[in-house]
Amino acid sequence: MPASRSSAEPTAGPSLDLGAFLRALRARLSPADVGLTSYGPRRVPGLRREELAQLAGVSPTYYARLEQGLSTNASEQVQDALATALRLTPDERAHLHHLAHPAPRPRRRAARVEHARAGTRQLAHAIRGAAVLVLDLRNDVLAWNALGHALLAGHLDLTAPDRPADRPNVLQMLFCDPHTRELYRDWAGEARRAVASLRLVAGLHPEDRSVAELVGRLTIASPDFARTWSQHHVHNCTAGVKHLHHPTVGRVTWTSPSSPSPTGPGTGCSP
């Protein structure tokens, strides 16, 4: 939704994002996970900074500067060593490299209204035997066919995607709509995957104001989203299997491949 630029917009650099990511992943690992012996109680969970630095083969002082955002020149070798020490997945490793050496940031763009191409809309509505949703980068529904609407959002207006001000957002639905929450047999897993994919998109598109605004809105509106977002999970979800309990037809298993939208890639893990 269009919005004017605010003077209160955060100006923190990418190194701070890298520090938060490293801290979150360090907190997930225990000494036993990485073959270290722990002596005495710990005030906070996870590895200590000096333990991770030891595993990665860097000095504790240098690693502390990375977490504090005071050093922004980590080499590829250091990044790879940290990724290995933290036992990152391929998606998390790629995200780490992106945060450590992001592309030059253009001026953050004002939020813009996306539209599905006419041909894409016609194709979606022409498909009768499968549920189809056309999503933009932030998972606003640009179009859906009758089956997609009935499967995921029959309680909403079928024509809502035609009106930018009323468009459903599948992440907003997932966290803030009781009907959508009840639809998923494994809501917690679905929510975790969706947030992990959104974090990947936000990291790839730091200049996109609409993505940042979506994160801000959901953080305020949903404690579940805020907690999950703070965990810094990252996952490039391009397809998935949805286990639903539909109020009309009962149990449904829906395999949802994801194809690039003409308006740009979405998160791919949306409902």
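Shown above is the structure to which this text applies.
Cut-off values and rules
- Residues numbered from 1 in each chain as written.
- Predicted model: local features only at pLDDT ≥ 70, side-chain atom pairs only at ≥ 80, totals over all residues.
- Heavy atoms only, no water.
- Helix = DSSP H or I, 4+ residues; strand = E, 2+ residues; numbered from the N terminus.
- Buried < 20%, exposed > 50% of the residue type's maximum accessible area, 1.4 Å probe, protein only.
- Contact = heavy atoms within 4.5 Å.
- Areas by Shrake-Rupley, 256 points an atom, 1.4 Å probe, with all protein chains shown as cover.
- Phe/Tyr/Trp six-rings, centres within 6.5 Å; stacked < 30°, edge-to-face > 60°.
- Lys NZ or Arg CZ within 6 Å of the ring centre and 35° of its normal.
- Lys, Arg positive; Asp, Glu negative; His and termini not counted.
- Salt bridge = Lys/Arg side-chain N within 4 Å of Asp/Glu carboxyl O.
- Axes fitted to C-alpha atoms, helices over the stretch in contact; angles between N-to-C directions.
- Left-handed = near helix turned anticlockwise from the far one by under 90°.
- Nonpolar A, V, L, I, M, F, W, Y, C, P; charged D, E, K, R; others polar.
- Pairing = 2+ DSSP bridges.
- Polar contact = N/O pair within 3.5 Å; in protein donor to acceptor, adjacent residues only side chain to side chain.

Chemist: Explanation requested: the overall build of the protein chain in the structure shown.
Modeler: Scanning the protein chain from terminus to terminus reveals 12 helices and 4 strands. The buried share of the protein chain, taken over its 271 residues, is 45%. In the protein chain, 61% of the contacts between residues at least 6 apart in sequence involve partners at least 24 apart. Taken as a whole, the protein chain presents about 13900 Å² of accessible surface, with 56% of it coming from carbon and sulfur.

Chemist: Any chance you could explain the packing of aromatic side chains here in plain terms?
Modeler: Each aromatic ring pair is characterised by the separation of its centres together with the angle its planes make. This model, assessed by the stated rule, comprises 3 aromatic pairs. With 5.8 Å between their ring centres and 15° between their planes, Phe-225 and Trp-229 make a pair best called stacked. With a gap of 4 residues between them, Phe-225 and Trp-229 both fall in helix H12 (residues 223-229), about one helical turn apart. The class for Trp-229 is buried, based on a relative accessible area of 15%. An aromatic cluster is present here, built from Phe-175, Trp-187, Phe-225 and Trp-229 joined pairwise through their rings. Sitting over the face of the ring of Trp-187, Arg-181 holds its NZ or CZ atom 3.8 Å from the ring centroid. The ring of Trp-229 has Arg-199 sitting right over it, with the charged end atom 3.9 Å from the ring centre.

Chemist: Would you mind showing me how to read the side chain of Asp-177 here?
Modeler: Along the polypeptide, Asp-177 turns up in the loop between helix H8 (170-176) and helix H9 (178-183). One buried charged side chain, Asp-177, makes no salt bridge at all; its nearest oppositely charged neighbour is Arg-181, positioned 8.7 Å away. Residues contacting Asp-177, with those up to four places away along its chain left out, are His-155 and Gln-172.

Chemist: What am I meant to see in unusual backbone geometry here?
Modeler: A negative phi angle characterises most non-glycine residues, just as the trans form characterises most peptide bonds. Unusually for a residue other than glycine, Arg-87 sits at a positive phi of about 60°. Inspection of the secondary structure assignment puts Arg-87 in the loop between helix H4 (76-85) and helix H5 (90-100). Despite not being glycine, Asn-139 has its phi angle at roughly 75°, a positive value. Examined against the element boundaries, Asn-139 turns out to sit in the loop between strand S1 (133-135) and strand S2 (141-144). With relative accessibility at 1%, the residue Asn-139 sits in the buried group.

Chemist: Just to check I follow, could you spell out the packing of H4 against H5 for this structure?
Modeler: For any two helices packed against each other, one specifies the crossing angle of their axes together with the interaxial distance. Between H4 and H5, the least distance of the axes is 10 Å, while the angle of their chain directions is 145°. Crossing of H4 against H5: the hand is right-handed. Contacts from Glu-76, Gln-79, Asp-80, Leu-82, Ala-83 and Thr-84 of H4 reach H5 at Arg-93, Leu-96, His-97 and Ala-100. By residue class, the composition of the contact of H4 with H5 is 4 nonpolar, 3 polar and 3 charged.

Chemist: What is the right way to look at the pattern of salt bridges in this model?
Modeler: Two side chains of opposite charge can pair, provided their charged atoms sit close to one another. By the definition in use, this model includes 15 salt bridges. Among the ionic pairs, Arg-193 bridges to Glu-190, the shortest N-O distance being 3.2 Å. Separated by 3 residues within a single helix, Arg-193 and Glu-190 lie in helix H10 (residues 187-204), roughly one turn from each other. Arg-193 sits in the partly exposed class, given a relative accessible area of 32%. A salt bridge links Asp-224 to Arg-227; the nearest nitrogen and oxygen atoms lie 2.5 Å apart.

Chemist: I'm lost on the environment of Pro-168 in this one. Help?
Modeler: Here Pro-168 lies in the loop between helix H7 (146-153) and H8. A sequence separation of 25 residues divides Pro-168 from Ala-143, and the C-alpha atoms of the two residues are 9.9 Å apart.

Chemist: Sorry, what's going on with the pairing of S2 here?
Modeler: Residues in a regular strand project their side chains so that they alternate between the two faces of the sheet. With 3 bridges connecting them, S1 and S2 associate as antiparallel partners. Bridge pairing in S2 places Leu-133 opposite Trp-144. Between S1 and the antiparallel strand that follows it, S2, lie 5 residues; Asn-139 among them carries a positive phi value of about 75°.

Chemist: For this particular structure, what's the right way to read the environment of His-246?
Modeler: Note on placement: His-246 falls in strand S3 (residues 239-246). The spacing of His-246 and Ala-150 is 96 residues in sequence and 9.5 Å in space, taken between C-alpha atoms. Apart from residues no more than four positions distant in its own chain, His-246 is found in contact with Ala-150, Leu-151, Leu-183 and Val-252. At 3.5 Å, the side chain of His-246 and the backbone nitrogen of Val-249 are in polar contact.

Chemist: Help me out: how do you make sense of the environment of Thr-180 in this one?
Modeler: Its place among the elements puts Thr-180 in helix H9. Considering only alpha carbons, one finds Thr-180 and His-246, 66 residues apart in sequence, at a separation of 9.7 Å. Contacts of Thr-180, omitting those with residues within four sequence positions, involve His-155, Met-173 and Leu-174.

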